[in-house]
Amino acid sequence: MKKFIVILGFLIFGANIVFCQENKVIKDIKIEGNKNTKQEVIFTKMNTKVGSSLDSYVLQDDLKALYSLGLFSDINIEKEDVDGGILLKIIVVEWPMVGEVKFIGNKEISDGDIKDEVTLVSGQIYNPKALKESVDKVTVLYRNKGYYLAKVDTKLDGENTDKVDISFTIKEGTKIFVEKITVQGIAVFTEKKIKKEMDTEERGFWTSGVFKEDVFKKDLEKIIELYRKEGYVNAKIISDKITPDIQKKRLYIEMTIEEGGQFKVNDVKVEVQNTSIYSVEDVFPRISLKKDDVFDKERLDRDINDIRMLYAEKGYIFAVVFPKINFDDSKGFVDISVRVSEGEVAYVERIDVDGNTKTNENVIRRELVLKESEPFDSSKMKRSRERLYNLGFFEDVSYDTLPGAKEGRQIVVFKVKERPTAMAQIGAGYSSLDGLTGYIQITENNLFGNGQRISILWEFGEKKRNYELTFFEPYLFGTETSFGTSIYDLMRSYYEDYKDERIGGYLRFGRPIGEYTKGWLTYRYEQIKIFDVSSTASDTIKQAEGTDVTSSLTAEYIEDTRDSIFFDTAKGHKYSLSAQYAGGILQGDNSFTKYIVDTSWYLKTFWKFVLAFHINVGYVTGFGSTPGVPIYERFYMGGTDTVRGYDERRIGPADKNGVPTGGRFVSFGNLEYRFPIIGPLMGVTFADTGAAWDSTEEAKFSDFSSGAGLGIRFVITGAMMLRLDYGYGFNEKLSVPGGRIHFNIGNIF
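Computed from a predicted structure; not experimentally measured.

What counts, and where the lines are drawn
- Residues numbered from 1 in each chain as written.
- Predicted model: local features only at pLDDT ≥ 70, side-chain atom pairs only at ≥ 80, totals over all residues.
- Heavy atoms only, no water.
- Helix = DSSP H or I, 4+ residues; strand = E, 2+ residues; numbered from the N terminus.
- Contact = heavy atoms within 4.5 Å.
- Patch = residues over 30% accessible without salt bridge, like charges linked within 9 Å, V, L, I, M, F, W, Y side chains within 5 Å.
- Areas by Shrake-Rupley, 256 points an atom, 1.4 Å probe, with all protein chains shown as cover.
- Salt bridge = Lys/Arg side-chain N within 4 Å of Asp/Glu carboxyl O.
- Lys, Arg positive; Asp, Glu negative; His and termini not counted.
- Charge placed at Lys NZ, Arg CZ, Asp CG, Glu CD.
- Buried < 20%, exposed > 50% of the residue type's maximum accessible area, 1.4 Å probe, protein only.
- 1 Å grid on protein atoms, 1.4 Å probe; cavity = no way out; pocket = protein on both sides within 12 Å on 5 of 7 lines; lining within 4 Å.
- Points joined across faces, edges and corners; volume = space filled by probe spheres on them.
- Nonpolar A, V, L, I, M, F, W, Y, C, P; charged D, E, K, R; others polar.
- Pairing = 2+ DSSP bridges.
- Axes fitted to C-alpha atoms, helices over the stretch in contact; angles between N-to-C directions.
- Polar contact = N/O pair within 3.5 Å; in protein donor to acceptor, adjacent residues only side chain to side chain.
- Phe/Tyr/Trp six-rings, centres within 6.5 Å; stacked < 30°, edge-to-face > 60°.
- Lys NZ or Arg CZ within 6 Å of the ring centre and 35° of its normal.
- Core = buried A, V, L, I, M, F, W, Y, C linked by side-chain atoms within 4.5 Å.
- pLDDT = per-residue confidence, 0-100.

**Quick look at the environment of D500**
- With respect to the helices and strands, the residue D500 is situated in strand β21 (residues 498–512).
- Along the chain, D500 and Y632 lie 132 residues apart, while their C-alpha atoms are 8.4 Å from each other.
- Ignoring anything within four residues of it in the chain, the contact list for D500 reads L490, M491, R492, K529, I530 and F531.

Spelled out as structure tokens, the structure:
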């Protein structure tokens, strides 16, 4: 019907302009017939303007543009001669408004779910195209629920009035399932292999067998892609037949594949125009396909993109990388020739920031390693995106490029989508170490949009009580110096033999050394009190009873190349080296030096599966009045954050009552394989090992206790992770029989 209306409109239009005299000036344009459509909307779509010369071809384009609005059932253009020119009249007939929308016959799917698929709603302007789209969407909705034969009819009441009521009459039919998938014409792959590639499945104990048409179409593409990855570039599906059996409520799928022959790589050549940028020897290794490899077009496309990115790192974003592929059907060989035309260097004309409503623009710009007037650099673009994402203020960070005012200039636009950064939380948590703990916390991670972080925390429970106020400024006085400070009062009672309380605070300063490296200097002052010591406690604990002061200075070097500092790290590493000096010239009651090496590596294996390694080695030694090192400054091993499958602090030195007294030398490692499950839920398999000794002389490999297990992670708002692990310890003397459940907030590393 619409095509007929458009053709009729053109005929009327043609009849009206056939006798027009070109080059006459348009004195005025009037719009008639519009009731719901503003004149500005119509004028915006027209290139014909008052004061311009009449041009029949421009008017034809205007007519097409007006019909494309979908607001009019008919458009007529008339002209009248007036003094000195022409008066144009645009006479429109609007589609009626949508009145009531009703659904009839639907039992298995609610009105609300169907309304979500219907494009036309009450109060909107009716449009036949939108009506057809609605019918198609409702039909797909039913098919995706297993009602493959569902039919949707429509009825219009009042079509020739200002308001039209629409009725959708649905014949749901019977729910049917995929009973059998048959594949014919195959020799390269088995039917089982092809079915495994498909998301459409036969009905079984673990599978629903629901047939979804859009999913099946993608399955056909995936099957062809399977063949092409193995060099069968001419493979095609010559038929896909779907046969429903209504009485038996079954659906049968039969596919016939023409596989063709396999192609292998015979020769690979690379040609570059400007060898001063990159030589052939620089570019050639970027092509992973070698002689006698099975030809994979998708793999070649990735290689070509890799070469483009290589040139983009030096500013040649207009470089053309053209692959020429010659197939020898008789021999099954492919010759690949890649030619690079570098073009000119592109420069950054301007950097724009879009999407920030709270975060001040300077907070974003100071994280950008790409600068204006510099040559375009794709690696700096990527790094800038990582730095912005790692601020924790944004759900998403992307970038785009636009042509600049001059040739060879580009405008770079960083687009951010902000996430809530202020949190007020009241709740309860449980960890294997602290037990059941309630908490009240107020946190703002982007104070006044300046990137500063402030947090007030009160934790209370049977084993733990904590008050803490923390502030962090990443750019002190606008410089690259970071500053952090905290005051706290922490009391813990992990064991019946004693309790300990720490009251203190710290001042922390940091400066970048390189793009991925940073140095930190932290001064900490603490008053530590050991009290409620049991009469049956060991001499070690009794000797520690009382209040002492620790005054210390810690220097730390960190190298961090992780693509994300949050819970979705996929690649990179983090190295941390720290040395703490307490007592001596810093005064205080405790004198010791503590050294810690902490390293983590992340390797993306495939899709979103990540292999993660972690190693930690620590050593502390006392001097002066505390040569033995206080028990609260020693290392403890076993449990939630070290070696899972064991009770907290179970591994390492202990007193006569079995209460851990900590070691002065510690070493442990963690291996995790992390994978997504669904949405914010992730899973891990892990293996841990570690040991603690009273001195380095006592250390031996046989003392290591190991554990392994499974875990799940649940990420909340991208900034908090709940961790639940089941670990089984292999050291029967120290481990918990049957394994141990560990619960905590935050990742283990």
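From this point, the narrative continues.
**Things to note about a positive patch on the surface**
- A contiguous patch of positive charge on the surface is contributed by K145, K175, R203 and K212.
- By secondary structure assignment, the location of K175 is in the loop between β6 (163–171) and β7 (177–184).
- Residue K175 is classed as partly exposed on the basis of its relative accessible area of 32%.

**Details of the layout of surface pockets**
- As a volume, the second largest pocket reaches approximately 790 Å³.
- F567, D568, T569, A570 and K608 are the residues nearest the centre of the second largest pocket, which is lined by 26 residues in total.
- For the lining of the second largest pocket, the secondary structure elements donating two or more residues are α11 (378–389) and β27 (665–678).
- The leading source of residues in the lining of the second largest pocket is α11, at 4 residues.
- In the lining of the second largest pocket, the residues fall into 12 nonpolar, 4 polar and 10 charged.

**Some points on the sheet that holds strand β11 (residues 320–328)**
- Pairing is mixed across the open sheet formed by 3 strands, whose spatial order is β10-β12-β11. The two strands at the open ends of the sheet, each matched to only one other strand, are β10 (264–272) and β11. Neighbour to neighbour, the strand axes of the sheet diverge by 15° on average, direction disregarded.
- Packed onto the sheet, helix α9 (residues 297–312) meets β10, β11 and β12 (333–341) and runs at close to 155° relative to β11.

**Some remarks on the environment of F686**
- Counting through the fold element by element, F686 comes out in strand β28 (residues 681–693).
- Separated by 399 residues in sequence, F686 and I287 place their C-alpha atoms 35 Å apart.
- Here F686 is in contact with R644, L671, E672, G707, A708, G709, L710, G711, D725, Y726 and G727, once residues within four sequence places are set aside.

**Description of the side chain of Q452**
- Along the chain, Q452 falls in strand β18 (residues 452–461).
- What makes Q452 buried here is its relative accessible area of 15%.
- A distance of 2.5 Å separates polar atoms of two side chains, one belonging to Q452 and the other to E473.
- Excluding its chain neighbours within four sequence positions, the residues that come into contact with Q452 are E444, N445, N446, L447, F471, F472, E473 and P474.

**Examining the packing of aromatic side chains**
- Applying the stated rule across the entire model yields 29 aromatic pairs.
- Taken together, a centroid distance of 6.1 Å and an interplanar angle of 70° make the contact between F393 and F394 edge-to-face. Here F393 matches F394 in class, with each residue buried.
- Geometrically, the ring pair formed by F609 and F675 is stacked, given 5.8 Å between the ring centres and 20° between the ring planes. Separated by 66 residues along the polypeptide, F609 in strand β26 (residues 609–622) and F675 in strand β27 bring together distant segments of the chain.
- According to the relative accessible area criterion, F675 is partly exposed, its value standing at 23%.
- The lysine or arginine in question, R203, covers the ring of F177, its NZ or CZ lying 3.8 Å from the ring centre.

**Points about the pattern of salt bridges**
- Enumeration according to the criterion identifies 47 salt bridges in this entry.
- Across the salt bridge formed by E386 and R383, the nearest N and O atoms sit 3.2 Å from each other. Placement of both E386 and R383 in helix α11 is noted, with a separation of 3 residues, approximately one turn of the helix. R383 matches E386 in its accessibility class, with the two residues each being buried.
- Between R634 and D694 there is a salt bridge, with the nearest N and O atoms lying 3.0 Å from each other.

**What about the nonpolar core?**
- In terms of nonpolar packing, the biggest core is built from 24 residues, with F295, I307, Y311, I336 and V338 touching the most fellow members.
- At the level of secondary structure, the elements contributing two or more residues to this core comprise β10, α9 and β12.
- The element contributing the most residues to this core is α9, with 5 residues.
- Counting 21 residues, the second largest nonpolar core, distinct from the first, contains I109, Y142, Y147 and I166.

**Here's the deal with the sheet that holds strand β1 (residues 26–32)**
- One open sheet holds the 3 strands; their spatial order is β1-β3-β2, and the pairing between them is mixed. Because the sheet does not close on itself, it has two edges, and the strands there are β1 and β2 (72–82). Within the sheet, the average angular offset between the axes of one strand and its neighbour, ignoring direction, is 15°.
- Pairing of β1 with strand β3 (residues 85–94), which is carried by 6 bridges, proceeds in the parallel orientation.

**Quick look at the confidence of the model for the protein chain**
- Chain-level pLDDT for the protein chain is 90 on average; 96% of the residues reach the 70-or-more range.
- Here residues 1–21 is a poorly scored stretch, pLDDT under 50, and it has 29 contacts once near neighbours within four places are set aside; other chains count.

**Some details on unusual backbone geometry**
- Phi is positive for F477, which is not a glycine, with a value near 55°.
- In this fold, F477 is placed in the loop between β19 (464–473) and β20 (482–495).
- The class for F477 is exposed, based on a relative accessible area of 78%.

**Things to note about the pairing of β26**
- Relative to β26, strand β25 (residues 592–606) is paired through 14 bridges, and the arrangement is antiparallel. Following the sheet pairing, T599 is matched in β26 by I615.
- In textbook terms, the turn of a hairpin is the stretch between consecutive antiparallel strands, and for β25 and β26 this stretch comprises 2 residues, one of which, W607, has a positive phi near 45°.
- Where β26 lies against β27, 10 bridges are found, and the strand directions are antiparallel. Bridge pairing in β27 links V610 to R674.

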